[in-house]
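Breakdown of the fold
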Amino acid sequence: MKLYMSDPISRLPLVGPVYQKRLKRLGIRTVEDILLHLPHRYEDYRHEKSASYLKEGESVTIRGKVETFRNQYTKSNKKIQLLVVKNKKSRFKIVWFNQPFLSRTFKKDEEFYFSGKTGWFGREIVLMSPDYEKIEKGKPPIHTLRLVPIYPETRGISSKWLRRRIFDLYSNEVEFTEYLEGEDLSRMKLIARESAFKKIHYPKEFDDVYEGRKRLAFDEILTLVFENRQREGEWIRKKPNFSLSIKDDEMKKFFDSIPFKLTASQIKSINEILKDMRSELPMNRLLQGDVGSGKTIVAAASCFASFSCGYQSVVMAPTLALAQQHYETLGNLFKPFGAKVSIFTSFSGKKKDIDADIIVGTHALLYKSISQLNVALVVIDEQHRFGVKQRAEISEITKHEDCVPHVLTMTATPIPRSIALTFYGDLDVSFMKDMPMGRKKIKTWIVPEEKRTAAYEWISNEIKRNKVQAFVVCPLIEESEITSMSEVKSAKNEYEKIKKIFPDLRIGLLHGRLKSGEREDVIDKLRRGEIDILVSTPVVEVGIDIPNATIIVVETADRFGLAQLHQLRGRVGRSVKQSYCLLFSESKGERARKRLEILRENHSGFELSEMDLRMRGPGEIFGIKQHGIPELKIASWSDIDIIKQAKKFVQEIYSDKNKYKRVFEYYDNKKIAFN
Ligand code: ADP
Ligand code: MG
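1. So, the overall build of the chain
Helix and strand content of the chain: 22 helices and 24 strands. Burial analysis of the chain (675 residues in total) assigns 53% to the buried set. Look at the contacts in the chain between residues 6 or more apart in sequence, and 73% of them connect residues 24 or more apart. Accessible area for the chain stands at about 31,800 Å²; split by element, carbon and sulfur atoms hold 52% of it.

If you want it as structure tokens, here you go:
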């Protein structure tokens, strides 16, 4: 029988409706799926030993002829099974627990392999509950005498059952759908798919497993990169809405009006952006800069460039509070130039708001048709909050147009390199390496519970003495963009608590369920210095810029990812004043403590996000998995070499589509087979 990768698993013998259902729980529907159901470990039963000289705790395979079998009761009234087997001249015992049916398996004089661990039984060393397999001429052992793969199981499907099915599968002629040519394989030091599967399910050495996995990991990553490149391709084929003839002397007027001296990174990034906006291709640039590095002014310069050519810009922020802040910042910056800035949120939604030169809003804006406007530039702030999907969405919105706006995405929590490489195809990246002059490292303290009161006292004094402000970030309840009621409740509780602790200070509260007017009010008050301590839910905090705030307290710090904590910490340290970050944690765990210590010692968002990735996985960093970073099955997000290789290969196949027809066909077929 010929088997294709896309064939349903029911084509294998003994896989009826009941098993199909169970296999589905393991995500196995097709022949390819079962082959991709990789062992999570192996038992090394390669070494056949004779029954003499067994040591305790060895993993061994012993061959032996059945002599006697008997069920026996222990003192504690448990049933055990005792098998005596003859191996050459010596005998040895095998013990099982609660498997009386084994009496039907072991017939006198039949020869078996037994693979398992040795252990003490009374005063003897015996084999404990080993795997066994009858020796039959011409049939290689499957469950014994080799590197035996142990597969992830589910109820009703054992590792042994899976091993048998995969073995049976190999008695057919399998079409492994190789899409790489021999020369590509040898150039990339990869093995063929066929041998990759073989080496994983039937390894001779542990190195085989490594090689096999490497190839399959490449396949997995390549699929992601390839699909992304296809989306990207649609984007690149379009023309920019407007290719702008930005005048240097106009820009100079704007630069002269900025109240501070731009950092070298800011100047470099602005130049890169202006160059993109002048070009015939739509800009697709990521501006990556640590919290407080001053990305807003770079965005502002870009908006100004668009404005100076007579076009609109859209600035999107993940939260209302941040939209509000951008609205004010940009409003102030552009006032001298007569540029009209408006704020457009799901609350306002007034038509007249979209007549302005610069339209600031939350992502609700994203779903209004950008293409209706005269928009040359879209700025997306705090991109990681939006996730990978957002750009695809802009692409979607403008699907039926031939043109797309220039897009600048900004992120403070830097996207780890491996993820950026995979998902941001030909995205250009500007890095902001330096901070504005005179910034000090934020002193980070992990505060044990017994010092809480002392910490509050210190905060109170600090606020009074230096006329600074503080944030208190409420406990994290769930990682969700949507403010849940329980989160609001916890914010209110925290607010009441803080009011009692600091009776002589002015306390404010900010959470996602405040009405829009109330929210702006709170932030205005904070900015004017009329609030000493702002209690806020974790989601509202992003991007808020209050240079006079120098203290941030984070409750349940252990529940946050490192990158998020760094982002929170970045709410302070935005002036030349010394700032402080106090971390409270409920967890006494070693791991939690380690993570907080890493944050204390490390002040680079980039390094922290890489560490977070290694420690918690991508789903955790970005908060919500739906945001588009898939869980990898075979590869890992730290396989940077494989990711680079896949990326390079995708570039190659796109530059010579004819030569790599096979790859394109492979993915076309895959789409048909799996959709
Ligand atoms: P982020 O990169 O986190 O978005 P912001 O753009 O909010 O940072 O800038 C943080 C603070 O630093 C703001 O108060 C801003 O006015 C100030 N700032 C930005 N660039 C400079 C600079 N070159 N010199 C001094 N202050 C700056
Ligand atoms: Mg910002």
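Resuming the write-up.
2. Considering the environment of Ala192
Structurally, the position occupied by Ala192 is in the loop between helix 4 (182–187) and helix 5 (193–201). On the basis of relative accessible area, Ala192 is assigned to the partly exposed category, the value being 26%. Along the chain, Ala192 and Glu178 lie 14 residues apart, while their C-alpha atoms are 7.0 Å from each other. Once residues within four sequence positions are removed from consideration, Ala192 is found in contact with Glu178, Leu185 and Arg215.

3. Observations concerning helix 3 (residues 159–169)
Most of helix 3 sits inside the fold, with eight of its eleven residues counted as buried. Considered for burial, the residues of helix 3 that qualify are Ser159, Trp161, Leu162, Arg163, Arg165, Ile166, Asp168 and Leu169. Tucked inside the fold, the buried residues of helix 3 contact strand 1 (2–4), helix 1 (17–25), helix 2 (31–35), strand 8 (147–150), strand 9 (173–175) and helix 5.

4. With respect to the sheet that holds strand 14 (residues 358–362)
One open sheet holds the seven strands; their spatial order is 13-14-12-15-17-11-18, and the pairing between them is parallel. The open sheet is flanked by strand 13 (341–344) and strand 18 (428–432), the only strands paired with a single partner. Recorded for the sheet is a direction-independent mean angle of 20° between the axes of neighbouring strands. Strands strand 11 (284–289), strand 15 (375–380), strand 17 (406–411) and strand 18 of the sheet are contacted by helix 8 (residues 264–278), whose axis makes an angle of about 160° with strand 18.

5. Observations regarding the nonpolar core
Among the nonpolar cores identified, the biggest contains 61 residues, and Leu162, Phe218 and Phe649 are the most heavily contacted of them. Looking at this core, the elements with two or more residues in it are helix 2, helix 3, helix 5, helix 6 (206–237), helix 13 (417–423), helix 21 (640–655) and helix 22 (661–674). For Phe218, the contacting residues outside a window of four places in its chain are Tyr179, Leu180, Met188, Leu190, Ile642, Gln645, Ala646 and Phe649. Counting 40 residues, the second-largest nonpolar core is a separate cluster that includes Leu244, Ile343, Val360 and Leu408.

6. Digging into the sheet that holds strand 21 (residues 507–510)
Across the sheet, six strands lie side by side as 19-24-23-20-22-21; this open sheet has parallel pairing. Since the sheet does not close on itself, it has two edges, and those belong to strand 19 (443–447) and strand 21, each with one partner. Strand after strand, the sheet turns through a mean of 20° between neighbouring axes, direction not considered. Taken together, the five bridges between strand 19 and strand 24 (residues 580–584) define a ladder with parallel strand orientation. Each residue of the ladder has a partner; that of Thr444, found in strand 24, is Cys581. Packed onto the sheet, helix 14 (residues 452–466) meets strand 19, strand 20 (469–473), strand 22 (533–536), strand 23 (549–554) and strand 24 and runs at close to 155° relative to strand 24. Packed onto the sheet, helix 15 (residues 485–501) meets strand 20, strand 21 and strand 22 and runs at close to 175° relative to strand 21.

7. Points about the packing of helix 8 against helix 9 (residues 295–308)
Relative orientation of the contacting elements helix 8 and helix 9 amounts to 30°, with a least axis distance of 10 Å. Taken as axis vectors, helix 8 and helix 9 run roughly parallel relative to one another. Regarding helix 8 and helix 9, the two cross each other, and that crossing is right-handed. Taking contact as the criterion, the partners of Gln266, Ser269, Ile270, Ile273, Leu274 and Met277 in helix 8 are, on helix 9, Ile297, Val298, Ala301, Ser302, Ala305 and Ser306. Looking at the contact of helix 8 with helix 9 residue by residue, the class counts come to eight nonpolar, four polar and no charged.

8. Some words on the site of ligand 1
Neighbouring ligand 1 are 17 residues; Gly292, Lys295, Thr296, Asp545 and Arg574 lie closest to it. The separation between an oxygen atom of ligand 1 and a polar main-chain atom of Gly292 is 2.7 Å. For ligand 1, an oxygen atom lies 2.6 Å from a polar atom in the side chain of Thr296. Its residues assigned to classes, the shell around ligand 1 comprises five nonpolar, six polar and six charged.

9. Brief notes about the packing of helix 7 (residues 248–257) against helix 9
Packed helices, taken two at a time, are described by their axes: the angle between them and the distance between them. Running from N to C, helix 7 and helix 9 point in directions that differ by 140°, and their axes come no closer than 10 Å. Relative to helix 9, the crossing made by helix 7 is right-handed. Residue-level contacts link Glu250, Met251, Phe254 and Phe255 of helix 7 to Ile297, Ala300, Ala301, Phe304, Ala305 and Ser308 of helix 9.

10. Observations concerning the pattern of salt bridges
In total, this model carries 43 salt bridges according to the counting rule given. Between Lys2 and Glu175 there is a salt bridge, with its nearest N and O atoms 3.8 Å apart. With a gap of 173 residues between them, Lys2 in strand 1 and Glu175 in strand 9 connect regions that are remote in the sequence. Look at Lys2 and you get partly exposed, because its relative accessible area is 32%. Between Asp208 and Lys199 there is a salt bridge, with its nearest N and O atoms 3.6 Å apart. With relative accessibility at 23%, the residue Lys199 sits in the partly exposed group. Linked by salt bridges that have partners in common, Glu32, Glu178, Arg193, Arg215 and Asp219 make up one network.

11. Some remarks on the packing of aromatic side chains
Tallying each qualifying case throughout the model produces 35 aromatic pairs. An aromatic cluster of three or more residues is present, and its members are Phe69, Phe92, Trp96, Phe106, Phe112, Phe114 and Tyr132. The ring of Tyr179 carries the charged tip of Arg215 above its face, separated from the ring centre by 5.3 Å.

12. Observations regarding the side chain of Thr61
Here Thr61 lies in strand 3 (residues 59–73). Side chain to side chain, Thr61 and Ser115 meet in a polar contact 2.7 Å long. Not counting residues up to four positions away in its chain, the partners in contact with Thr61 are Tyr45, His47, Glu48, Lys49, Tyr113, Phe114, Ser115 and Leu145.

13. Regarding the environment of Val472
Tracing the backbone through its elements, the reader meets Val472 in strand 20. Between the alpha carbons of Val472 and Ile507 there is a distance of 10.0 Å; along the sequence they are 35 residues apart. Leave out the neighbours within four places in its chain, and Val472 touches Glu494, Ile498, Ile533, Leu534, Val535, Ser536 and Val553.

14. Details of the pairing of strand 5 (residues 90–97)
Summarising the sheet, strand 4 (residues 79–87) and strand 5 pair through eight bridges and their orientation is antiparallel. Across the sheet, residue Ile80 finds its bridge partner in strand 5, namely Phe97. Between strand 4 and the antiparallel strand that follows it, strand 5, lie two residues; Lys88 among them carries a positive phi value of about 50°.

15. Details of unusual backbone geometry
Where the residue is not glycine, phi is negative for most of them; where a peptide bond is considered, it is trans in most cases. Despite not being glycine, Asn98 has its phi angle at roughly 55°, a positive value. Located in the positive-phi region is Lys467, a residue other than glycine, with phi close to 55°.

Basis of the calculations
Residues numbered from 1 in each chain as written. Chains lettered and ligands numbered in written order. Predicted model: local features only at pLDDT ≥ 70, side-chain atom pairs only at ≥ 80, totals over all residues. Heavy atoms only, no water. Helix = DSSP H or I, 4+ residues; strand = E, 2+ residues; numbered from the N terminus. Buried < 20%, exposed > 50% of the residue type's maximum accessible area, 1.4 Å probe, protein only. Contact = heavy atoms within 4.5 Å. Areas by Shrake-Rupley, 256 points an atom, 1.4 Å probe, with all protein chains shown as cover. Pairing = 2+ DSSP bridges. Axes fitted to C-alpha atoms, helices over the stretch in contact; angles between N-to-C directions. Core = buried A, V, L, I, M, F, W, Y, C linked by side-chain atoms within 4.5 Å. Parallel < 35°, antiparallel > 145°, perpendicular 65-115°, else oblique. Left-handed = near helix turned anticlockwise from the far one by under 90°. Nonpolar A, V, L, I, M, F, W, Y, C, P; charged D, E, K, R; others polar. Near = heavy atom within 4 Å. Polar contact = N/O pair within 3.5 Å; in protein donor to acceptor, adjacent residues only side chain to side chain. Salt bridge = Lys/Arg side-chain N within 4 Å of Asp/Glu carboxyl O. Phe/Tyr/Trp six-rings, centres within 6.5 Å; stacked < 30°, edge-to-face > 60°. Lys NZ or Arg CZ within 6 Å of the ring centre and 35° of its normal.

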